[in-house]
Amino acid sequence: MNPNFAYINSFINVSHESFEKLQKISSFKIIEANKPIAKAGDKTSKIYMLVSGLMRVFLSSECGKEFNKNFFMPQSFVGSFTSLIKNEPSKLTYETLTECKVYEIDFNKLVNLCKQDIAISNLYNKIVEHIFIKYEERQLELISMDSKQRYLELRKRIPDIDALIPQYHIASYLSVTPVQLSRIRKKLNLNH
């Protein structure tokens, strides 16, 4: 079975015919590391199904400091959904951290497909629900866990993260300084 078809069907059962309609509005791309797919201040019209690689979303302060909001692993939908839904410029930047293989999907064509195919509309709703649940889990993580627990949770989700992306990105995601992250890592290594 096509792994993308299987992934789509993990949300809701979609026929091969509906899947083919989705394929027609998608294009496969390989994007090199450290490339933005949506920039703060720009309007966007695309969402991405991440097949391989890692991406991040971040907010830049006026002085240029970056705050990582989330990391995306394979089998994720990535894009500035608020910007797309509200048809306004993105407040966040979405960027590849490693080389990424993606399916780029035109959001407006997807919305039109939703109007024509109830299965695709139901799929879209399930994906949006999934994104909301992940967003809420991240918010709960920030208010209910200390930095060490958040780091361990991140390593559970992305076991080789320390080898994949720079430590300052991980520290920003955890809302700690790189020095604090270094201390956390050192304490964990002493306990093993």
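Here the structure is shown first, and the text comes after it.
Here the structure is a predicted model, which means the values were calculated and not measured.

Undergrad: Could you give an account of the pairing of strand β4 (residues 55-60), naming the residues involved and the relevant values?
TA: As judged from the six bridges shared by β4 and strand β5 (residues 66-72), these two strands associate in the antiparallel manner. Residue pairing for β5: Arg56 is matched across the bridge by Phe71. With four bridges joining them, β4 and strand β7 (residues 93-96) adopt antiparallel strand pairing. Counted as the bridge partner of Phe58 is Thr93 from β7.

Undergrad: So what about the side chain of Asn4? Which residues, and what values?
TA: Tracing the chain through its elements places Asn4 in helix α1 (residues 3-9). Judged by its relative accessible area of 11%, Asn4 falls in the buried class. A polar side-chain atom of Asn4 sits 3.4 Å from a polar atom in the side chain of Tyr103. Each residue touching Asn4, except ones within four places of it in the same chain, is listed here: Phe19, Met49, Val51 and Tyr103.

Undergrad: Pulling in residues and values, what's your account of the sheet that holds strand β3 (residues 46-52)?
TA: The strand order β1-β8-β3-β6 describes an open sheet built from four strands, whose pairing is antiparallel. The sheet terminates laterally at β1 (26-31) and β6 (76-78), the two strands that pair on one side only. Pairs of neighbouring strands in the sheet enclose a mean axial angle of 30°, with direction left out of account. Here β3 pairs with β6 via three bridges, running antiparallel. Residue Leu50 lies in a different strand from β6, and its bridge partner there is Ser76.

Undergrad: Report on the packing of aromatic side chains, specifying residues and quantitative values.
TA: As enumerated under the stated definition, the model contains eight aromatic pairs in all. Measuring from centroid to centroid gives 5.8 Å for Tyr7 and Phe77, while their planes differ by 25°, and the two rings are stacked. With Tyr7 in helix α1 and Phe77 in strand β6, this pair connects stretches of sequence that are 70 residues apart. Summarising the burial analysis for this pair, Tyr7 and Phe77 share the class buried. Of the aromatic side chains, those joined through ring pairs into one cluster are Tyr7, Phe11 and Phe77. Geometry around Phe58 places Arg56 over its ring, the cationic atom sitting 3.7 Å from the centre.

Conventions and cut-offs
Residues numbered from 1 in each chain as written. Predicted model: local features only at pLDDT ≥ 70, side-chain atom pairs only at ≥ 80, totals over all residues. Heavy atoms only, no water. Pairing = 2+ DSSP bridges. Helix = DSSP H or I, 4+ residues; strand = E, 2+ residues; numbered from the N terminus. Buried < 20%, exposed > 50% of the residue type's maximum accessible area, 1.4 Å probe, protein only. Polar contact = N/O pair within 3.5 Å; in protein donor to acceptor, adjacent residues only side chain to side chain. Contact = heavy atoms within 4.5 Å. Axes fitted to C-alpha atoms, helices over the stretch in contact; angles between N-to-C directions. Phe/Tyr/Trp six-rings, centres within 6.5 Å; stacked < 30°, edge-to-face > 60°. Lys NZ or Arg CZ within 6 Å of the ring centre and 35° of its normal.

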